[in-house]
Amino acid sequence: MDYTNQNTDLLADERPKTLPSTLNTLTILTLIGCGLSYLGGIWNFIQSNNIDKARAEMEENMEKLGDNETAAKMMEGSMEMLQKSYDNRYIILAVTLVFTTLCLIGALQMRKLKKSGYPIYVVGEIVPVILTVALLGFNLLTGFTTAISAIVAIIFVILYTTQRKHLVY
């Protein structure tokens, strides 16, 4: 009887699976994105306190535009978004911090090959897009930025979905 083969098979089953390169890349990109999201959320919160200065600059730019209706509508939408962002600044900061943390926890779990990280990550990616539309409304400017955020979120969710086969625990 060949005991060597039997022993190596047992050892192979006990070794932890290695992190696939695609999952490794995705989680590294997610960690970078989470760091930028934390910084951006805090920066936006700090900048939201300068609403009077931002409003004055926008009004000055509107006067320079003159009779250009399209640009005037965009500026009005920007001023409306600025006001809504200011009114909801604490909620926006909380949403940013909570859901970025969910993405971070989910990515770290998936880095450990845990299946439980996937739904945590998906919630952390998708819910903020929905809440942003609910809090700020929908106009040309918020629609554009929300669409970009939604596209990036969907791409990452799809990419993580393709890697679920590697998640074992």
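The structure under discussion appears in the preceding block.
**Observations regarding the overall build of the chain**
Thinking step 1. A tally of helices and strands in the chain yields seven helices and zero strands.
Thinking step 2. When the elements of the chain are put in sequence order from the N terminus, they spell out α-α-α-α-α-α-α.
Thinking step 3. When burial is assessed residue by residue, the chain has 28% of its 169 residues classed as buried.
Thinking step 4. Within the chain, contacts between residues separated by at least 24 positions form 76% of all contacts whose residues are at least 6 apart in sequence.
Thinking step 5. Roughly 11,000 Å² of accessible area belongs to the chain as shown, and the carbon and sulfur atoms make up 64% of that amount.

**Description of a nonpolar patch on the surface**
Thinking step 1. Together, Ile28, Leu29, Ile32, Leu36 and Leu39 make up a nonpolar patch on the protein surface, roughly 490 Å² of accessible area in all.
Thinking step 2. Summarising the element assignment, Ile28 is placed in helix H2 (residues 21-47).
Thinking step 3. Judged by relative accessible area, Ile28 falls into the partly exposed class, the value being 38%.

**As for unusual backbone geometry**
Thinking step 1. One non-glycine residue, Leu113, adopts positive backbone phi at about 65°.
Thinking step 2. Mapped onto the fold, Leu113 is located in the loop between helix H5 (89-111) and helix H6 (117-136).
Thinking step 3. Judged by relative accessible area, Leu113 falls into the buried class, the value being 4%.

**What to know about the environment of Leu159**
Thinking step 1. On the secondary structure map, Leu159 appears in helix H7 (residues 140-162).
Thinking step 2. Given a relative accessible area of 34%, Leu159 falls into the partly exposed group.
Thinking step 3. Measuring from C-alpha to C-alpha, the distance between Leu159 and Leu26 comes to 7.8 Å, with 133 residues separating the pair along the chain.

**Details of the packing of aromatic side chains**
Thinking step 1. The tally for this structure, following the rule as stated, stands at two aromatic pairs.
Thinking step 2. Geometry around Tyr86 places Arg89 over its ring, the cationic atom sitting 4.0 Å from the centre.

Each value, and the rule that gives it
- Residues numbered from 1 in each chain as written.
- Predicted model: local features only at pLDDT ≥ 70, side-chain atom pairs only at ≥ 80, totals over all residues.
- Heavy atoms only, no water.
- Helix = DSSP H or I, 4+ residues; strand = E, 2+ residues; numbered from the N terminus.
- Buried < 20%, exposed > 50% of the residue type's maximum accessible area, 1.4 Å probe, protein only.
- Contact = heavy atoms within 4.5 Å.
- Areas by Shrake-Rupley, 256 points an atom, 1.4 Å probe, with all protein chains shown as cover.
- Patch = residues over 30% accessible without salt bridge, like charges linked within 9 Å, V, L, I, M, F, W, Y side chains within 5 Å.
- Salt bridge = Lys/Arg side-chain N within 4 Å of Asp/Glu carboxyl O.
- Phe/Tyr/Trp six-rings, centres within 6.5 Å; stacked < 30°, edge-to-face > 60°.
- Lys NZ or Arg CZ within 6 Å of the ring centre and 35° of its normal.

Shape descriptors only; they carry no functional weight alone.
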